[in-house]
Amino acid sequence: MTTGEVATPVVTTADPRQRRVARRLLKSPLAMAGFVVLSVAIVGAVFAPLIAPYGPSDANFGDAFIPPGAEGYLLGTDSLGRDMFSRILYGTRASLIVGVLSVLLALAVGVPFGLLAGYFSPIDSVVSRLTDLVLAFPFLILAVGLAAIRGASLTNAAIAIGIVQVPAMVRVTRSETLRLKGRDYVASAISDGAGDAWVLLRHILPNAISAVIVQATIAIPGAILGEAVLSFLGLGIQPPSPSLGTMLTEAQQYAAQAPWTAVLPGVAIMLLALAFNLFGDGLRDALDPKGGRR
Amino acid sequence: MAAYLLRRAGQSLLTLVLATIVVFAGVRALPGDPALALAGEERDAATLAAIRAKYGLDDSVIEQYWAYVTNTFQGDLGRSIRTGIPVRDMIVGALPVTLELSLLALVIASILGLLTGMLAAVRRGGPSEWLANGIALLGLSIPHFWLGLMAILWLSVGLGLFPASGHVPLLSDPVANLHHMVMPAVILGTGLAAVIMRQTRSSMLEALGEDYVRTARAKGLRERQVVGVHALRNSLIVVVTIVGLQLGNLISGAVVTEQIFGLPGFGKLTIDSVFQRDYPVIQAVVLITATAYIVINFAIDLLYSVIDPRIRVAGGAD
Amino acid sequence: MLSVRDLTVSFTGEEGVVCAVDRVSFDVRAGEVLSVVGESGCGKSVTAMALTRLLPPYARVTGSAVLDGVDLAAASPRTLRHVRGKDVAYVFQEPMSSLNPVFTLGRQVTEAVLAHEQVSRSTAEQRAVELLDLVGIPGARDRLRVYPHQLSGGMRQRVMIAMAVACNPRVLVADEPTTALDVTVQAGILDVLRDLRTRLGTAVVLITHDLGVVADVADRVVVMYAGRIVERGEVRELFRRPRHPYTKGLLGAVPNAEARERSGRLLEIPGLVPVLSEQPDACTFADRCPRASARCTEHEPPLENVAGHEVACWHPHTDDENATAGRPAERSSDA
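Residues numbered from 1 in each chain as written. Chains lettered and ligands numbered in written order. Predicted model: local features only at pLDDT ≥ 70, side-chain atom pairs only at ≥ 80, totals over all residues. Heavy atoms only, no water.

> Outline the interface of chain B and chain A, listing residues and values.
Contacts between the two partners involve 47 residues from chain B, matched on the other side by 41 residues from chain A. Contact between chain B and chain A buries roughly 3700 Å² in total, counting both sides, with carbon and sulfur atoms accounting for 77%. The tally of links from chain B across to chain A stands at 1 salt bridge. Across the contact surface, chain B and chain A share 5 residue pairs in polar contact (both at pLDDT 80 or more). Secondary-structure elements contributing two or more residues to the side of chain B that touches chain A are helix 1 (2-28), helix 6 (127-141), helix 7 (144-158), helix 8 (174-208), helix 10 (223-261), helix 11 (266-275) and helix 12 (279-307) of chain B. Across the side of chain B that touches chain A, the residue classes tally to 34 nonpolar, 9 polar and 4 charged. (Contact = heavy atoms within 4.5 Å. Buried area = accessible area lost by both parts, 1.4 Å probe. Salt bridge = Lys/Arg side-chain N within 4 Å of Asp/Glu carboxyl O. Polar contact = N/O pair within 3.5 Å; in protein donor to acceptor, adjacent residues only side chain to side chain. Helix = DSSP H or I, 4+ residues; strand = E, 2+ residues; numbered from the N terminus. Nonpolar A, V, L, I, M, F, W, Y, C, P; charged D, E, K, R; others polar.)

Structure follows, in C-alpha cells:
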C-alpha cells in the first residue's frame with residue numbers, strides 16, 4: 001500500500017464536507033451579516049484611493065468641524081478640516097493590514113511550533129515553557145517594550161500583536177495534532193514507513209487546517225482592537241498617517257465640541273471587529289461536527 | 001497533590017528566570033551604549049562611569065546578568081533617569097491605584113459574566129439567551145478605550161455624574177475614591193465580562209447535561225440549587241482557567257484605562273516611561289508585570305485544587 | 001399505590017417526533033419489586049423518568065401516574081419537586097457520573113435529607129451516617145468527608161442508594177443499578193435493595209435488561225418492547241410459561257452468565273428495536289417475530305389475560321409449546 005492510497009479518505013471526505021460547511025454558513029443570518037460588512041470594508045479599503053473624495057491627510061482649515069451630512073463631507077470633518085469619510089476609509093485599510101499581517105505572523109510561527117509540539121513529545125515541554133513565557137508579557141507591555149527598543153511604528157505594532165497571538169495558535173495546532181496523531185490513517189501511514197515530515201505535512205496539517213482557520217478568524221478582531229489601542233496610545237501608527245486609533249487620540253480634545261469625530265472612528269472599529277467575530281463564530285459552528293445543535 | 005504543585009512551582013520559576021533573561025536582553029538590545037541609555041540626560045563622564053561600575057557594563061554578560069538579578073531581588077530597581085527618584089518608590093506609589101482598579105473590574109466582570117452566562121444557559125433558546133449572547137458579542141467587539149471616551153463624553157461631560165479624570169487615594173476619602181473609580185472599573189470590566197459570560201454559558205450547558213445534575217433533580221432539590229450549586233460549581237473550574245488566561249488582557253486594559261481616565265497608576269507610569277525613554281522604569285515595569293502574571297497564574301493553580309477535589313486529593317491529576 | 005395509566009412520552013427532535021413510550025399502564029404495590037424488562041431503547045428508562053418528569057423540556061408526556069391520589073403527570077413543578085426524593089426516589093445506572101465530583105459524600109447525602117425534612121444540619125449529618133451504614137458502607141462516619149472519585153463503583157452505587165432512601169420513599173426506581181458494575185459487586189447491590197424493601201417496605205421499580213437479576217429479586221415483571229408493554233405477570237409464572245414470542249426470545253437468549261456479561265445486551269434475537277414516530281395499529285414486534293401473520297401487521301394486539309398472566313399477542317405460545325420447548329433453565333444448560 002502506498003502512502004497516497006492512505007490519504008484517499010481525507011481527500012474524498014473533504015469535498016462534501018466543504019459544501020456542508022458552506023451550506024451551514026449560508027443558512028446563518030448572523031454569519032452572513034458579518035460576511036457582508038467585511039466584504040464592504042475590504043472593498044472600501046482596497047479601493048480607498050478611488051473611493052475617497054479627499055486625501056486622508058488633506059487639511060482644509062476653513063472647513064474644520066463640519067458636522068456629518070453637510071455638503072461635500074459625508075461624515076463631516078475634524079479639527080483640521082480633514083474629511084472624516086476619507087480618513088475612516090484609510091484607517092480601515094490600516095486596521096485590516098495590521099490585523100491580517102499580525103495574524104499571518106502568528107500563523108507562521110504558531111503553526112509549525114504547534115505541529116512539532118503535538119507530534120514530538122520532547123519538544124512539547126520546551127514549547128509550552130516558551131508559550132508560558134510569551135503569555136507572561138501582556139500585550140501592551142510587550143508592545144511597550146518593543147516600542148522602547150525599536151520605536152513606534154505600524155510594523156512594530158503588527159509584530160507585538162502577532163507575538164501575542166502565537167500561544168493561542170500553538171495551542172490549537174498542538175491539540176489538533178495530538179488528536180489526529182491517534183487516527184488510524186496516520187498510524188497506518190507511520191507503520192508504512194512514511195517520514196515524520198511527510199506525515200505532518202501530508203496527513204496532519206491538511207486536517208488540522210480548519211481549526212487553525214477558525215482560530216485565525218477569531219484572532220483578527222482582537223488584532224484590530226489591539227492596533228486601535230496601540231495607535232491611540234501613540235505606540236502604533238504615527239500621525240499624520242490615518243488610523244482609526246490615532247483619529248480617536250486627536251478627537252479626545254474636541255470630543256465635546258465635535259462628538260462625531262470621537263464617535264465615528266470607534267463605530268468603524270466596532271463594526272469591523274463585530275463583523276469578524278460574527279463570521280468567525282458562524283464558521284466555527286459550521287465546522288463543528290456537532291454543528292446545528294448550538 | 002504535593003508533587004503536582006511542586007512541578008507547577010518549578011515550571012513557574014523557570015518561566016520567571018526566562019522572563020528576567022528576556023528583560024535583561026531587551027535593554028542590551030537598545031541601540032547604542034546602554035550606559036548612555038541608562039544615564040539619560042546626565043551624560044558626564046563621572047555618571048557614566050558610576051553606571052558602568054554599578055551595572056558592571058565592562059564585565060562579561062553573565063556577570064552583568066547576575067548583578068542585574070541580585071539587584072532586582074534586593075529591591076534595587078535603579079533610579080528614574082528623568083526624575084532621579086528610585087524606581088521602586090515610583091512603583092510602590094502607583095501600584096495601589098492599579099490594584100484597586102483591576103480588582104474592582106474583576107469583581108464587576110465576574111458578577112456580570114457569571115450571572116448573564118448562567119441566565120443564557122438556563123433560558124436556552126429564549127429571548128434572554130439571545131440578548132445575553134448579543135451583549136457578549138458586542139462586549140468582545142467594542143474597543144474599550146473608545147467606550148471609555150464615550151462614557152466620559154456622556155456621563156461626565158454631558159450629565160456630570162462622574163468625574164472625567166483624576167484620583168483620590170482610597171484611605172483619604174473612600175467615597176470620593178469610589179466615585180472616581182466606578183466608571184473606569186466598569187469600562188475595564190466589560191471585555192472580561194463578555195469572555196466570562198461566553199465561557200460560563202458553554203460550560204454551564206455542558207454541566208446541565210451531566211448525570212449528577214439529573215441526580216440533584218431526582219433528589220427533589222430546588223432548581224436554584226441544582227443550577228446555582230451543582231452545575232455552577234463544576235462550571236467554575238473552566239471559568240477560573242479562562243480568567244487566568246485573560247489576566248494579561250486585564251493588565252493591558254488597565255494601562256489604557258488609566259491613560260484615558262488620568263489615573264496615576266502603574267499603567268500611566270508605563271506609558272509615560274516609554275515616551276520619556278526612561279529605560280530603568282520600563283525595565284522594571286515589564287519585569288514586574290511578567291512576575292505578577294506568573295505568580296497569579298500559579299495562585300490560580302492553587303485555587304483549582306480548592307474548587308476541584310479531584311486535584312486536591314488524588315494528586316498529580318494530570 | 002402507584003398507578004400508571006396510558007403513559008405516553010414523545011420527543012420532538014430535529015428528525016421529527018419520536019414516540020418513546022406508548023400507552024403504558026401498570027401498578028406498583030407497596031413493598032413489592034416490580035421489574036421492567038426489555039432491550040436498550042425499548043422505553044423502560046424513559047418510562048421511569050417520566051414518572052416524576054425528569055425528562056428534558058422537549059419531551060411530551062400524556063396519560064397519568066397516580067401516587068396516593070396525586071396525578072404526577074399533571075402535577076405542578078413545585079409538587080413534583082416535593083415528590084422527587086421524598087415519595088419517588090431514583091438510583092441511576094452510572095455510579096461514576098451520577099454523583100457530583102466536587103462535593104463530599106456527606107454533603108450530597110445530607111442534601112438529600114435536607115431537601116425534604118426540616119432538621120438541623122447536624123441531625124441531617126447523623127442521618128447520613130445511619131444511611132451509609134444501612135447500605136453497608138464500612139466506616140460510615142469517616143466517609144462523610146470523602147469525595148466520589150475516592151470510592152469504587154460499587155461503593156458509589158451504595159451511596160446513590162443511601163441518598164435515594166434518605167427520606168423513606170414510597171417508591172424506589174432503580175434504573176439498571178448493577179449494569180455498570182462487576183458481577184461480584186452486583187450481588188451486593190441487589191442484596192441491599194432486597195434488604196431495604198424488607199426493612200423499609202419500599203416498593204422497588206427495577207429497570208433492567210438482565211433476566212438473571214429479575215429472576216433473583218423481582219416479584220412481578222413487565223416486559224416492554226418498542227415503547228409498549230407486551231407481557232406482564234408474576235415472575236415465576238411468566239418465566240415458566242412465557243406467552244409472547246419476544247419474551248420467549250429473551251428467555252431463550254439467556255444462555256449463561258458469561259455470554260451475557262460479554263455482550264451486555266440481548267443480541268440473540270435477530271433485528272433491532274424499531275424507533276417509532278407514531279403509534280401504529282400493528283404489533284411492533286412483527287418484523288422480528290417468527291410467528292407473525294398478516295393480522296399482526298394490520299392490528300395492534302390488546303394486552304389480555306391468557307391463562308395466568310397478560311400478554312399482547314395474536315399468536316401467544318401455548319402451555320403445550322412451552323412444555324415441549326422445555327423450561328428456560330433447562331434450555332440454558334443445553335446452550
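> Describe in detail helix 2 (residues 29-46) of chain A, supporting the description with residues and values.
Residue and element names in this part refer to chain A. Taking 1.5 Å per residue, 18 residues should reach 26 Å; helix 2 reaches 26 Å between its end C-alpha atoms and fits that length. Considered for burial, the residues of helix 2 that qualify are Ala 31, Gly 34, Leu 38, Ala 41, Gly 44 and Ala 45. Each buried residue of helix 2 lies within a common arc of 155 degrees when the element is viewed along its axis, so the set occupies one face. Opposite its buried face, helix 2 presents the exposed residues Pro 29 and Val 40, each directed more than 90 degrees away. (Expected span 1.5 Å × (residues − 1). Buried < 20%, exposed > 50% of the residue type's maximum accessible area, 1.4 Å probe, protein only. Arc of directions from axis to C-beta.)

> Account for the interface of chain B and chain C, with residues named and values stated.
In this complex, chain B contributes 22 residues to the contact, which on the side of chain C involves 27 residues. Taken over both partners, the interface formed by chain B and chain C buries close to 2200 Å², and the fraction arising from carbon and sulfur atoms is 59%. Where chain B meets chain C, there are 2 salt bridges. For the salt bridge of C:Glu94 with B:Arg214, the shortest nitrogen-to-oxygen distance reads 3.4 Å. Where the side of chain B that touches chain C is concerned, the elements lending two or more residues are helix 9 (211-218), helix 10 and helix 13 (309-314) of chain B. When the residues that make up the side of chain B that touches chain C are grouped by side-chain class, the tally is 9 nonpolar, 4 polar and 9 charged.

> I'd love a proper account of the nonpolar core, names of residues and values included.
Judged by nonpolar contacts, the single largest core of 139 residues is most densely connected at A:Leu140, A:Leu235 and B:Phe145. If you tally residues by element for this core, the top one is helix 9 (residues 196-233) of chain A, at 17 residues. Once residues lying within four places of it in the same chain are set aside, the contact partners of B:Phe145 are A:Ala228, A:Val229, A:Phe232, A:Leu248, A:Ile269, B:Val256 and B:Ile260. Counting residues in each nonpolar core, the second largest holds 101 residues, with C:Ala89, C:Ala164, C:Val204 and C:Tyr246 among its members. (Core = buried A, V, L, I, M, F, W, Y, C linked by side-chain atoms within 4.5 Å.)

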